[in-house]
Structure formats: structure tokens, C-alpha cells
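Architecture at a glance
Below are the chains, spelled out letter by letter.
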Amino acid sequence: MSRLVPGHFSDYPPPMGDKPSHPECPQNPGRTNIVISEMLQVVNITLATLYFVITLLFRFATNSVPEPLGDALQALDEEPSHPEQPQDSGEVHITGVQQVVITAIRATDLTLGLRRIPAGFHVVFKADGAEYQTSNKSVRIDQAVVEWHERILLPCEPSSKVRVSVYASFELGPMLCHGELLRTLKNRIVGIVYRKKRLAVVNEYPAITFQPKQGEVISPCTSLSMTLEQRLSDENNVVLCPPTALRSEEHTDTLTLRTDAGYRLLARYRRTQDNSDLNQSIKHFERASDLCPMDHPYRPAALFNLANVKFVSCQADGRFLDLDIPISLFQDALDLRPTDHPDRAITQLHLGIAMLARFAKRGFQMDANAAEELLSEVLNICHANSHIHRAALLAIETSALHPAASIDAHDLGHEWPAASMLPLSPNQLAHKTEWCLRTDDPHVLDEVISLHYDALGYYNAMHPCRGQLLNNLGIILSIRFERRGNAEDLDQAITLGREALALHPVGHKDRSKSLNNLALQLSTRFNHRGNAEDLDQAIALHREALALRPVGHTDRSSSLNNIALQLSTRFNHRGNAEDLDEAIALHREALALRPVGHTDRSSSLNNLAALLSTRFDHRGNAEDLDEAIALHREALALRPVGHTDRSLSLSNLAALLSTRFDHRGNAEDSDQAIALGREALALRPVGHTGRSKSLNNLAALLSTRFDHRGNAEDLDQAIALHREALALHPVGHTDRSMSLNNLALQLSTRFNHRGNAEDLDEAIALGREALALRPVGHTDRSSSLNNLALQLSTRFDHRGNAEDSDQAIALGREALALHPVGHTGRSKSLNNLALQLSIRFDHRGNAEDLDEAIALAREALALCPVGHTDRSKSLNNLASRLSTRFNHRGNAEDLDEAIALGREAPALCPVGHTDRSMSLNNLALQFSTRFNHRGNAEDLDEAIALGREALALYPIGHTDRSSSLNNLANRLSTRFDHRGNAEDLNESRENLCCALTLLTQHDPLRLKVHASLAIVYLSFHSSGLDGTGGPDEDTDSLNVAMHHFKAAANFVPGGLLPRLRASLDWEQGRTIIWTQMTRLRTPLDNLQTHSEHAAALMKRFRDLSSLLDRSPASHAGWTPNSPDLQESARGGPIIVLVASKSSCDAIIITHTQPPTSIQLPTDLKKLITLVNALQEAIKKEAVPTGNQPALTMALRKLWDDVVCPVVENLDRFAPQGSRIWWCPTSLFNFLPLHAAGEYRTNGKSLSQQYISSYTPSLTALMRARRRHDRSPSVPFAAIGQNLPAGHSSESTLQFVEPELELVRSLLPPFPTVSFTKITSADATKSRALRALRDNTWLHFSCHGTQNFDDPFKSAFLMRDQSLSLLDITQMDLSRHEFAFLSACETAVGDFATPDEVIHLAAGLQFAGVKSVVGTLWKVNDATVQRLVEAFYKNLCRDGKMNFWGAARALHQAVHSLARDKDMPLDQRIVFMHIGV
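The sections below set out a description of the structure shown in this document. (Residues numbered from 1 in each chain as written. Predicted model: local features only at pLDDT ≥ 70, side-chain atom pairs only at ≥ 80, totals over all residues. Heavy atoms only, no water.)

Bringing the pattern of salt bridges into the picture now. Across all of its chains, the model carries 65 salt bridges by this definition. Put simply, E582 and R543 hold a salt bridge, and the shortest N to O gap is 2.8 Å. A residue pair is termed long-range when its members are at least 10 positions apart, and E582 in helix α17 (residues 577-592) and R543 in helix α15 (residues 532-547) qualify at 39 residues. Using a relative accessible area of 35% as the deciding quantity, one classes R543 as partly exposed. Between R1333 and D1334 there is a salt bridge; the shortest N-O distance is 3.0 Å. Its relative accessible area of 53% is what places R1333 among the exposed residues. With a relative accessible area of 47%, D1334 lands in the partly exposed category. Taken together, the shared-partner salt bridges in this structure form one network comprising D446, R480, R484 and D489. (Salt bridge = Lys/Arg side-chain N within 4 Å of Asp/Glu carboxyl O. Helix = DSSP H or I, 4+ residues; strand = E, 2+ residues; numbered from the N terminus. Buried < 20%, exposed > 50% of the residue type's maximum accessible area, 1.4 Å probe, protein only.)

Laid out in C-alpha cells, this is it:
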């Protein structure tokens, strides 16, 4: 009966930090390629001091110092260090005829700390939507103060805000934008005038002093002051600065915005060195350039800006080969700025310095000559005291001293000494490289790469050392790629590797090294991009290298290991067994070349063991695993205590012992693995660089042991270890994303076992962080996408938030898009997305999701042809999806295809294969399904045989053994039902009892096992096999069945959807058992005469239990979002109250929205206390007056703990005054929910806000909503008995006859109502039964009793015999509309069986009556008379009989009683309404 989830791919990163499957890179293929040459250096005079000149271009102020990194971008609205605020502005009066005019502005130290040489500076005023801009002024070297004598009229309104901004511009001609913002201050007009007056400075706005910006030592513009004058508005004899003209063309505004944005990002890059800022700046300047066609007036400025930022980019990245681009752009800008253009000189300066930089890197004399000519012209046209003149002069003087240079152009921030710099020899470069690889300093790595580029610029293609340099540079670029992930580095490394190989033709002594290097780089690119051509080419190159190292060659073992590693990689991606076998053979040969005593023998032992382990994983041959463990033991023996690699060998051996434990269940293997893992961790104490890997390894071992033994301490410790590992990978660490994923996986596992929502939420948060660390383009992004999708899908399964499911699918689609056709990981992404779509289908029932899932699974299978290692998983996945579709559409072809696929899967998983048990269980499920639909006994027999084999593969202690026991037990029980073999039923019971003992308290499978045991014991009861159990077992199998039913009902898993699904399934099961037991527990207790009822019970309950094994979409009418369920809430919200040991919850079901779950602030213990308090209050406070303090306190407690939290959430779903339905379970059945309130002056209560009805089950409510044809005249029977059998005359009910006559008088006359009255001697059991049969409206006025020992004997007392609940439930009352039970205790359940809802009122509704009014406890005659009169007056007010109005009529009647404060409280709340 249990649905096994087929295997699927989740793409979890290997939790083992040392990756024991390939624990050691085979002989480090790149290590022998950094060759030290003893060739002499060739001296080349360099222009080292060019650095100083270029630095001056960005820091030309005398007192300028470098800015610290890490500064944040300043906001545009920057305030001065001590912003001035007006104090008591009421003293300043600016009359309507006065105006404020700025006549002069002064700024100091505008060039201080600037990184670029500006063309000039200007000030911009903004006020009341107008903008005023001063002229653009140039600055000399010795000029500390800049003044603008320009008159600017400020607004007359004192409250107007003025913003003053100082900018550095980079054009003297037409300005493309304001330029770089230096400072900004803001104030109101009144504040400016007040500050001037307060400081008694005539016509002077005192200087504002600016402090350096955040994170800077110095900043441009240290102070700003203004001269003000106040004038009359009619003084027109002065010339004012006009407002700045606004550009009208839309593309011009865009051009300005792009340019401003580019400047801001470039300024921030210079502070923070964040390359993303630089790249974004380039994009903005490129877009600005695109907006300027050839004849555009701003095209020269746009080209100049773009050239400048491109030049900065070349310096930042060390890509001196790309200097051609900025030089070309500078040249284009210069061509558009003729001789008389004011910006020609600064353009010539930048172009000249860029050409000197290219000369320094390449040594072309023509660049030096052109630069000298440009710079000389700058000297001729610029003032000798200008910054441009000084920069040009320094550049010319430096180039004259040093005609060429070897300059690290990527980092202009360093000032190099003015001395000759020679390119290093290959020998020196190799030493620097080896030293660099021992450090983790990114600056050192960049410097070594730059030095290699310098050397390549010197050693041309004919130089014998060039090939060696190319190889070394390729290796270092590959290392930088591994550290930073820049794909350009890897592509460049491969390009260099190809050039090096071309320089080492066949016969060259270094060809094998070049072959290995290029193969290694291609393999790395394959690992990151998945292009199969790269891997194939790498293998081909390794094969050629191996051929160049024949038997006897000293490096043959290294080549053997290299090619074996690549073949293993190809096997992992394509599943071709020949690759794996060849790789193992190559490793065996390599090991033979490293006999005992060889220094590298331990490495070869580990390599061979890793591949044998891989082959075991795919074929299940135990010999491979045992040999791998033996090899690892030998490797460990070669690494004794004190050996640097001992911890690695300990981890490798531990991993394989854990694998063997996973397959054979030998606890010694697991314990030994953990002991080895602990020793490995001890060898890496706090501070050790490898500690995080050992933490991850030990955590994985503990997690595996938890999977098999279920010891919570192992899982908790694994999580603690992963947390420590994560702490060792802080933000910015390259392995942080892996640690985040590992911890998220374990937290998700703990959630699955304990149901703590915090674990799942934290897992998702960690998954999101891991994903953020793997942005678009990251090689592991697809893995993080899949992991996060799986966790979101899990949360959706527990809470039902559709956003989680939709987001999971969106993530799955993105992961698939990262694995296009041809990518080796595509099949896994296809299976993952198919799984997410299938889960969404399970909950929403959208056929398109299931069809798409099947299509994706078919594509995944096509990518796993015969021989592929993952074919069996893909077969199982597709088979599972097809089986699901068969369950929903009934197409036999789907089921037959599923079985055919299922048969192929076990054939690919022979005995010993790790996936064989899963394939067997899946196939057994398909056969069992086909048996249920076709009845072929052979299918059931085969399903049982497969189940037995699967069970044998799960030894005692295996976590999946209990599930396998449950599956087999259910099929044995099914076979018993069809063949009657008691051995099958006994074996089924034994398996289920065993499964129950293996499950932890919170394992969700407990619900299924309890349900299955309930079925089995019902089978024992119905087949007459009671008493066949053990000596300590209850001989009444029906009682035992009820015990397991209650245990299942009490086990409610966490999360909204599971809780709702459990409450729906089990309230239906409760209904089935309740109804059917009334037919089984007859006085004769004769199972033969009631065999049909027993069979009906078995069938209906088995159908119910099967719901637990299907997807929610398979629950016909019981999906949380299904139309039937939501239709039941059409009249108003339904509140399902669920009580379990873990929590008490209210689930609100509405007509149009998803269910809402509310955790109530109570628990089972508090509920028991509350129920007892209510019952005691009713018994002890039965007084004739209304004062009942204990009852009042209990109803307040009911309001606080149960009803109020629900009401606070109902506002979203139901307006006040509308109807709601309560569907209580367990102890909630004994609470008068409708009467809850604060019971104080102006206090709140439920009855003030909503009209409450009850329903014993959603099944009954849905059935009651079905409409039937009505007869023209409503048949109404009033049944009264004032003196029942066995009662003395003293207990005669005096008001029965008057009550029935009162009812008659209030009903509409014939023909609307056909009234029948049965009283006194006529009111016998038989007459009452006939009246029940013949009338659809009923009114009972008689004694009623509740039998708590046997609830089915609860009864209405007639003259001769009792009309019992058992009698009523055996009638078909499906067309009956209304019943009023004016009898005591007609709606009271059995406290011993709270989940069975067995009372008279519920019995009538179960039997089919749509609307029932009953009583909770004893009611006095006076209350009845007043209530009946008020009720029927309200119900029949319009002369019609409409049972839909019964709840509202009762609500109004009760309110009329409530106004009588002398009536006892218990009598005012005694009546309740059940049904529609």
C-alpha cells in the first residue's frame, strides 16, 4: 500500500571535503612543467618611471595620498561636516520686495586627492526647479583658491531649499554632463541669511569647512564660501546669471544620465577597487558613445570618456595587449578636436601616455616617437603652470631617460623606482611561480602573471624559452581561474597551451609536457562548462603523451595516472563501462611501476582504490569494494603517525568503510569509519587549513550511521560539525557555498525526521545564500539551484504555500537551461525538474504538469542509453510518472509501459547493486497496482516475491527496512483478502509489528503502519480469526484495530498540508468505522449474518488507507485544493480543530483560498483540564439563577485558547454576521465552541460576530449539501413521549404535549406542511421508526440518554422500547432535511472515545439528516418551551419551510434567551446546530 518514491537526482555536492572518490590529483600533472632554465638574460633598458607619470595623471596634487580601499560611494546629497541649521529663524524677515543674490563663490583645494586631471571646475545651484551653473574655470598648479564672480539670484521664498554642488569637469568645450561631483551642501534661504546675520559678516556667507569623505584621508574641496547681497526686486541695473538651458531631446537626456552614471561608478571603483563597478562604468560610457553619431556635438567627449575608462580597465586587469582599444578611441577623439579646440591638449596628453604604456609593454619605437610628438605639442600650447603641462613634461623627461620599459601595467597604484627593470629569466620566473603557488596572496599571483607577460613580450616565437614560458603562464592562469572563476583566464591558458604545443612538434623533448598541460586545462574547462569535446580532446592528448613515455620511462606512471583520471571523469558523465575498466587497468599498471618502497606508492594505492570504489557503486561487485578497502589500508600503513598525508588516508579509508556498512549493515565498519574520521580530525586541530574538510568528512560518516540506526545524537553532532566547518568558511571564502549546502542538507534531513519547521527554514535560507554565492556563470550554480528547489518543494509539501512550489519549478527550469542539449549534466536536471512538476501535480492535479514531467523523464532516459550507469534511475523515474498518470486517467498502456520499464531496471541492478532494492520495490508497486485493476493473481504473487527480495536487501538496522516491511505486509494482507490464507495475514501482522518497533516516535511512516495494522486486525475480526494472536494480545481484534486507528489519528505530522490531509483522511476513516461498527456490534454479534457489512467496512477502510500511499491529487475529493472540499466551504469557512501530542491547531478551509493553519496556544493537557472544568461547572452550578462563575471562567479560557485566535483570522474570509462551521476532533468535541467569549461588560464573544454550526465530519457536511427533489408538502413528524417504559409517574414530562401543540401552531398550515403527531401510548419504537422513514422533518420531545459504556445504545426513550442510535444509523435518511431534538444530552460524545463523535445528533446526520438541533447537556422544560417557540417563529416567519435557515433561526432564538439574565448560563448555551 505504500508508494515508494523512485530514485532521483538531487545534485548534492559531495559532502566529503577531501573527495575520497578521487582523493589525490594523479602526480599533480602541472608540477613538472615549471622548468628552470639557466639561459642568460638579455638586457633591455626600461622606462620604469613611467609609472610615476601615469600615477600623476590620477594623483597630481602635491599633497595627494592614496585612498584606502573599501570606501562606500558617497551619496549625491553630501552634507558638510557640521551642517548649519537656522536657530530661531523667526528673527529673520525677508520681505516681499527683497531678493538674495550670490555675487561671488570661493572654493579651496579643488585638486586635492583627485585621480584625474580635470579641464576645469564649476558650481551648480538648484532651487525651486531651476538650475544655475557658473562658468568652467581652469586651475593652475599653484592656485589654492578658485573664485567665480557671477551673480545668481536666489528664490524670494524664505523656506525655499537651495542646493550648491561643486563639480570637476573634463571638457572645456561643450560639456557632456556636470562631471565628477566633489561636494554638495543644502540649506534654506532663511538659513543662509540667518547664518550671515548671526555671524555679523557683512554680505558674506561664512565658509563651510568640509572634512574628508568617509574612508578617505584627503578629499577635493576643503571649504566653500559665498558673498551675498540683499536687493529690492525692482533693481534691474545688474546682470544676473541666467538659468542653465535644459536639454529637450530625449536621447540627449539619456546621454547625460549615462555619462553621469559612468563617472559615479568610476569614482567608486577608484575607492573600492570593485571590478563590477568598473565594468558597469564601461557599459554606461559605451552606451553614451552609441548615442553620439559621427556628427553629434558631444561625440568627441563620449569617445574620450570611453577611452579613459578602457585604459583604466587595461591597467586593472593587466591586459596590456588590449591597449590598442583605448589608444584607438583617444585617437578618434583627437581627430574630432581640431587645433583650436579647448580640449585638444588634454586629449593629446592622454593619448601620449597611453602610447607610452604600450611602448613600455611591447617596445615598438614608433609608439614612443608618436607619444613624444604629442606631448611636445602639449608643452607648446599649454601654460607652463598648468597641470597638463607639468604631466606632459614629466612624461617626456622620463621617456628620454629610458627608451623602453617592462612595466606591470595592470596596477598603476604602485610607484616604481626610477631604475632599469629587466625581464626576468625563465629560471627566475619559475622560482617566483613556485613561491607564488605556496601563498594565497592575489596581488602576488597577479604580479607573477604580469612578469610572465613581460617576458613573453621579450622572448619572441623563435626564442627557445618561449614554449616553456607559455606553459608556465598557462598553468598560473589556470590557477587564477580556479581561485577567482574568471573564464577568460582559462580560455587564455588554453590558447597559450595550444601555442606552446605548436612550438613543441613531434620529436621535441618537451612535447609530452605540453601535451599534459593542455590536456589538464581542457579537462578543467570541461569540468566547468561540460563541453564533451574538451574532455575527448584531453584524453586524446594524454594518450599521445603516454605513447611518448614507453615502458621504462621515468614519467610513465604519471601519464598512466593522468589518462586514468580523465577516463574516469568521462565514465562519470557518459557511463561507458569500458572507460572505467580501462582507467582501473591503467592505475594497476601505474601501481606496478611503484613497488613497495616507492615514494609515490601510497598515492597510486589511493587512486586505484578510488576507481574500484566507483566501479562498485555502479556494478555492486563486493570484491571491488573489499579490494579498495585493502588498498586504502595499505596506503594508510605507508603514512604512519606523523606523516603529512595521514589524515587524508584516514578519511579515504573511513569513507569506504562507511560505504561497505551502507551495503552490508556491519556495525563494525560504521564504528571504525567514525573512529578513523575522529582521528583524521584530531590531526587537523583548530587553525589547520584542512580542518574544515575533516569536519565535513566526519559529519558525513555520522550522518550515514544516523540513516541506518536513527540515533539522533549522530545527526545532531553532524550538524554541529557542519556548523563549525561553515564558521571556517566566512563570507568571501571559496568553499563557503559548499559548506552552506552541506549544512542545509543535514538540517533538511533532521526536519524530515523531527518535523521542526525551523530546521527547514534555516536549510532554505542557507540554500539561498549558497545560490547567491554561485551567480550566473558559476560552474556549480545548477547544483545549488537543484538543492534549493528540493528544499522549497519539501516545504511546500508541509505547508502548502504555492509560491514555494512555483519557485522550486522556476529554479529547476533555470538549472535545466544551464545544461543545454549536449551537456553531460542535462539528464540529471531533466529528472530534477520532472520531480518538481510531479510534486506540483500531486497537489494541484494539473494534467499539464504530469505530462511535462513524463516528457522530461523520457528525454532523460534517452540521454542514458543501454550501458549508461544512470539508466536504471531514469527507468524508475519514468515508470513512476507513468504509473501516476495511470492512476489518474486509467490508460492501461501507461501501466504496462511502466511495468516494462520497471522490469528493465532490476536487470541493470544485479545482486549487490546499491539501487537494486529500490528497483525491486518500484516494480513490486507497479505489479500490485495492475493486480488491483485487473485482478490477475500472478501480478500479486510477483509483487510479493519482489517485496521479499527487496526486504532481504535491507538488513536489521537499515533505515529503509521498516518501509519495506510495510510494503510487503500490505500486499500479503491483500492476498489474504482474495485467497483467505491465514498464513498471509499472520505474516502481514508480524511484519507490521516489526516495522513499528523500528520507527522513531516522529517518523511519518508510523501513520501508515498504524493504518495498515488497523486493516489487518479488522481482517482478523471479519474473518473470525480473533484470538489467534500472542498470549498478551487483546483477543478482540476490533478493539486492537480501533487502538491502531486512534494511534494513527493522533499522529499528525508537522506542516499545514500533512495536518490537513491527516485530518481529512482520518475524519473520513472515523466516519467509516463509526458507521460500519454500528452494523458489526449488533446484540447477536453474528459475523455470518453481517458478513456484507464487514466486507463493506473492509473495502471502504482499505480504500481510505490506500489514500495514504498515493499523492494528494489521487485523493478523490480529498485534496486540500480539490473542488469538492472547497465546495463544502461555499456557505462559509470550515474550521477543523486538530489535537495531537505535538500541537493543537486550527485549519481554516475556505471556498476560494488555500487553507490556513493556526497553531493554538494550548495542548492536550490543557484541553483535558478545560473539558473537566466545563463538565464540573455544569454539574455543580446547576442553579435556578444565572450566576455560574466556574462556567464563566471556563468559557473565557475557551475563548482565549481556542476561539479568539481563530476569530482574529476569520476577518479575511467571512464578514461578521455570516455563518461558520466547526469540525472538531478529539477533545475539541466536548467544548461548546459557539458559547466562547469574554463574559464581561463590553466583552467580545463568538456569537456576537458569527453564526456557529458544527459538523462531525467533512464527509457528512459535503453529503448534507447535496440537493434532492422535495415533495410539494413537507412531511413533518412530531414525536413525543412523556412516560417511557421503566419510568415512574414521578418522572413524567409535563410539557411534551404542550410543546408539540406549540410546534403545530407555529408551522405553516397544510398543504405547505403535512403534520403528524405521535405521543403517549402511540409513541412506540416501531411507530417512531415508521415516522423516521416516512417524514423528512422531525421533532423529538422525550427523554434522551447517553450510554458512555456503549455509545451505540444511546437512545430516545419510547413507551415500549428505546429507539437507539444503532437503530437510527441502520436507516437511510439521506433525503431527510431537519430534526429538532428536544431531549437531554443529544449532542454529547463519549469522553473515552473522543475521535468517534458518537452521539444522537451526530447519528442523525451520519444517517443523512441535513440539519439537526441538539443539546449538549440536561435542559429544563421552561428553557425548551421558550427556545422552541422562538426558534420556529424565526424559521417559519415567511410561511415557508427552509432547513437552510435553521442555524440562523437557532442563533436568533438563543440571543433572545441570553437577554434574560435570570436564566442560568448553562441553559442559555445548551442548544447547538449541526449540519448545513
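Okay, the environment of S159 next. Mapped onto the elements, S159 comes out in the loop between β5 (152-153) and β6 (161-169). What makes S159 partly exposed here is its relative accessible area of 39%. The spacing of S159 and R188 is 29 residues in sequence and 5.7 Å in space, taken between C-alpha atoms.

Judged by pairing direction, the sheet is antiparallel, and its four strands sit side by side in the order β3-β2-β6-β7 without closing on themselves. Each end of this open sheet is capped by a strand with a single partner; those strands are β3 (130-133) and β7 (180-188). Within this sheet the neighbouring strands show an average axis-to-axis angle of 20°, counted without direction. The sheet contact formed by β6 and β7 spans eight bridges and is antiparallel. If you follow S165 over to β7, its bridge partner there is T184. (Pairing = 2+ DSSP bridges. Axes fitted to C-alpha atoms, helices over the stretch in contact; angles between N-to-C directions.)

With the rule as written, the count across this model stands at 15 aromatic pairs. With a centroid separation of 5.3 Å and 55° between ring planes, the pair formed by F1380 and F1431 is classed as tilted. A residue pair is termed long-range when its members are at least 10 positions apart, and F1380 in strand β21 (residues 1378-1382) and F1431 in helix α49 (residues 1421-1435) qualify at 51 residues. No difference in accessibility class separates F1380 from F1431, as the two residues are buried. It is R337 that lies over the ring of F304; its NZ or CZ is 5.3 Å from the centre. (Phe/Tyr/Trp six-rings, centres within 6.5 Å; stacked < 30°, edge-to-face > 60°. Lys NZ or Arg CZ within 6 Å of the ring centre and 35° of its normal.)

The biggest cluster of nonpolar side chains holds 116 residues, and the ones touching the most others in it are V1203, W1222, F1431 and Y1432. Take this core: its biggest share by element is 11 residues, from helix α42 (residues 1189-1210). Those residues in contact with Y1432, other than ones at most four positions away along the chain, are F1276, V1303, L1306, L1307, H1339, F1378 and F1380. The next biggest cluster of nonpolar side chains, apart from the first, holds 45 residues, and it includes I539, A609, L698 and L721. (Core = buried A, V, L, I, M, F, W, Y, C linked by side-chain atoms within 4.5 Å. Contact = heavy atoms within 4.5 Å.)

Just geometry here; none of it tells us what the structure is for.
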